[in-house]
Amino acid sequence: MSRRFRSILLAAALVAVAAVPAFTAARPALSAAAPVRIMPLGDSITAGPGCWRAVLWQRLQTSGQTGVDFVGGVSDGGGCNPGYTYDTDHEGHGGYSATGIAANDQLPPWLAAARPDVVMMHLGTNDMWGGYLPLADKLAAFTKLVGQMRANNPDMKIIVAQIIPMSAAACATCPADVVALNNAIPGWAAGLTTARSSITVADLWTGYDAVADNTDGVHPNNAGFQKMADRWYPALTKVLAGTGPTTPPTTPPTTPPTTPAGGCGAAYRVVSEWTGGFQGEVTVRNGATGPSSGWSAAFSFADGQRISQAWNATVVQSGAAVSARDAGWNGALAVGATATFGFVASSNGTNARPAVTCALT
């Protein structure tokens, strides 16, 4: 082989090798991003038929939120028959309560099987029957469930519903107990949310009629399913967009907070009032120069008011004197941070607002 011919072959080989990177770089990606796995968690309102899931799925698809996958160990088999296909998977269990699921550790195996990125939780309805379960027990169950979600996935995004109302005809004590739970949820969620694992509150209660939107005072009809989907949608899409937790806005206190010695400030307000009763709220603020590990508050009623129910604090009334201490999970306050507890009380027509004192520990 002549030297000139060998030079020609070598040059051709170099051209071929040089062309390979250009071909490789032009190849398309081999896989797309995995869909976000969303677990609808609840009782029969989620399970049977739970058609708010179908309505929500359809809205996600038509609004371009197609990279989602509803997951769970249960399927409704398409029984909603909405006229379009939808993802039928969920983790709704008829008759189950939040306290029961937590006490029996039923959630961890469900999470292990479904591997969700997001949990949408509508629980608490079955904890209302009979009015015998304290609010603190329901919130403690919620807290345990959140811990189990984070043990499964430290980056779990959690959406907790302020649950739909129940009618007095279905359960005489339930409407007030639902209100108490729903009022407690935003403060509870704010105390547990983290930058890594946010807890978003979805208000499914406001604008929902316990009679007109339910079939039996408890379970939704088609109008109720539509309202539920409409309320889930903005909370879920904000989580999918990575905007972090959202909670319903709070109204500023109607009286300016006092700041006694020790750097603790407290404000009292009446949230709503009706004949023979009212809902009150106290906000405690850490105005000290360092964080607190706990707090307490005290005030005295002047007009014979009597507290019948409280949330987000341990509240004791003796005569006119009322004392409260943090619920544990909301005791630690950073400098400038606040904690709020609420209550329902009776009144006799006159309802003077008391001054509140508080202390940090």
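For every chain, the first residue of the written sequence is number 1, and numbering continues from 1 onward in sequence order. Thresholds applied to this predicted model are a pLDDT of at least 70 for local features of residues and 80 or more for the giving and counting of side-chain atom pairs; totals over whole chains, interfaces and linings are not thresholded and use all residues. To obtain the side-chain values, all non-hydrogen atoms of the structure were included, while hydrogens and water were left out.

**Regarding the nonpolar core**
- L41, M121, F142, M149 and W188 are the most contacted members of the largest nonpolar core, which totals 41 residues.
- Broken down by secondary-structure element, the contributors of at least two residues to this core are strand 1 (36-42), helix 4 (98-103), helix 5 (107-114), strand 5 (118-122), helix 6 (135-152), strand 6 (157-162), helix 7 (174-192) and strand 7 (199-203).
- Think of it this way: any DSSP run of H or I at least four residues long counts as a helix, any run of E at least two long counts as a strand, and we number them from the N terminus. A total of nine residues in this core trace back to one element, the largest contributor, which is helix 7.
- With residues near it in sequence (within four places) discarded, L41 still touches T46, E91, L107, W110, V119, M120, M121, H122, L123 and M149.
- Counting 29 residues, the second largest nonpolar core, distinct from the first, contains I45, L56, M228 and L236. Throughout, nonpolar core names a set of buried Ala, Val, Leu, Ile, Met, Phe, Trp, Tyr and Cys residues whose side chains join them through atoms within 4.5 Å. Any residue under 20% of the maximum accessible area for its type is buried, any over 50% is exposed, and the rest in between are partly exposed; the area is computed with a 1.4 Å probe on protein chains only. Note on definitions: a residue-residue contact is assigned when non-hydrogen atoms from the two residues lie within 4.5 Å.

**Remarks on the packing of aromatic side chains**
- What counts as a ring pair is set by centres within 6.5 Å for rings of Phe, Tyr and Trp (its six-membered ring), and what kind of pair is set by the plane angle: stacked under 30 degrees, edge-to-face over 60, tilted for all other angles. As enumerated under the stated definition, the model contains 12 aromatic pairs in all.
- Taking 5.2 Å as the distance between ring centres and 70 degrees as the angle between the ring planes, the aromatic pair formed by W57 and F70 counts as edge-to-face. Of this pair, W57 sits in helix 3 (residues 52-62) while F70 sits in strand 2 (residues 68-70), and the two are 13 residues apart along the sequence. The exposure classification of W57 matches that of F70, with both residues buried.
- Grouped by ring-pair contacts, the aromatic residues Y268, F278, F299, F301 and F343 constitute a single cluster.
- Charge-over-ring contacts are defined here by two conditions on Lys NZ or Arg CZ: a distance within 6 Å of the ring centre and an angle within 35 degrees of the ring normal. In this structure, R59 is placed above the aromatic ring of Y233, and the distance from its NZ or CZ to the ring centre is 3.8 Å.

**Considerations on the pattern of salt bridges**
- Put simply, a salt bridge is a Lys or Arg side-chain nitrogen that is within 4 Å of an Asp or Glu carboxyl oxygen. Here the structure, examined in full by the defined rule, presents seven salt bridges.
- Between D69 and R37 there is a salt bridge, and its shortest N-O distance comes to 3.7 Å. Placement of D69 in strand 2 and of R37 in strand 1 is noted, with a sequence separation of 32 residues between them.
- The class of R37 is buried, set by a relative accessible area of 19%.
- Where E281 meets R269, a salt bridge forms, and the shortest distance between an N and an O atom there is 2.8 Å. With a gap of 12 residues between them, E281 in strand 9 (residues 277-286) and R269 in strand 8 (residues 264-274) connect regions that are remote in the sequence. This pair shows no difference in class: E281 is buried, exactly as R269 is.

**Description of the sheet that holds strand 11 (residues 306-311)**
- Read from one edge to the other, the open sheet built from four strands follows the order 8-9-14-11, with strand pairing classed as antiparallel. The sheet terminates laterally at strand 8 and strand 11, the two strands that pair on one side only. Going from strand to strand, the sheet's axes swing by 25 degrees on average, the running direction of each strand aside.
- Note on geometry: axes are C-alpha line fits, over the in-contact stretch for helices, and angles between N-to-C directions span 0 to 180 degrees. Across the sheet, helix 7 lies against strand 9 and strand 11, angled at about 50 degrees from strand 11, the strand it touches most. At least two DSSP bridges between two strands are needed for those strands to be called paired.

**Some details on the packing of helix 5 against helix 6**
- Contact geometry of helix 5 with helix 6 gives a least axis separation of 10 Å together with a crossing angle of 35 degrees. In this structure, helix 5 meets helix 6 at a crossing whose hand is right-handed. Every residue of helix 6 that contacts helix 5 at L107, P108, L111 and A112 is listed here: L145, Q148, M149 and N152.
- In this classification, Asp, Glu, Lys and Arg are treated as charged, Ala, Val, Leu, Ile, Met, Phe, Trp, Tyr, Cys and Pro as nonpolar, and every other residue, Gly included, as polar. Classifying every residue of the contact of helix 5 with helix 6 gives six nonpolar, two polar and no charged. Each crossing gets its handedness from the near helix: less than a right angle anticlockwise from the far helix is left-handed, clockwise is right-handed.

**Examining the packing of helix 3 against helix 8 (residues 222-240)**
- With their axes 8 Å apart at the nearest point, helix 3 and helix 8 run at an angle of 50 degrees to one another. Taken together, helix 3 and helix 8 sit at an angle that is classed as oblique. Seen along the crossing, helix 3 lies across helix 8 with a hand that is right-handed. Facing helix 3, whose interface residues are W52, V55, L56, R59 and L60, helix 8 presents F225, Q226, M228, A229, D230, W232, Y233, L236, T237 and L240.
- When its residues are assigned to classes, the contact of helix 3 with helix 8 shows 11 nonpolar, two polar and two charged. The cut-offs work like this: below 35 degrees is roughly parallel, past 145 is roughly antiparallel, 65 to 115 is roughly perpendicular, and the gaps in between are oblique.

**Here's the deal with the confidence of the model for the protein chain**
- Across the chain, each position has a pLDDT score giving the predictor's confidence in that residue, from 0 to 100. Considering every residue of the protein chain, the mean pLDDT works out to 85; 86% of them sit at 70 or more.
- For the stretch residues 1-32, pLDDT sits under 50, and the model shows two contacts to residues farther than four places along the chain or on other chains.
- Low pLDDT, under 50, characterises residues 243-261; the predicted model gives this stretch 33 contacts beyond four residues in sequence or across chains.

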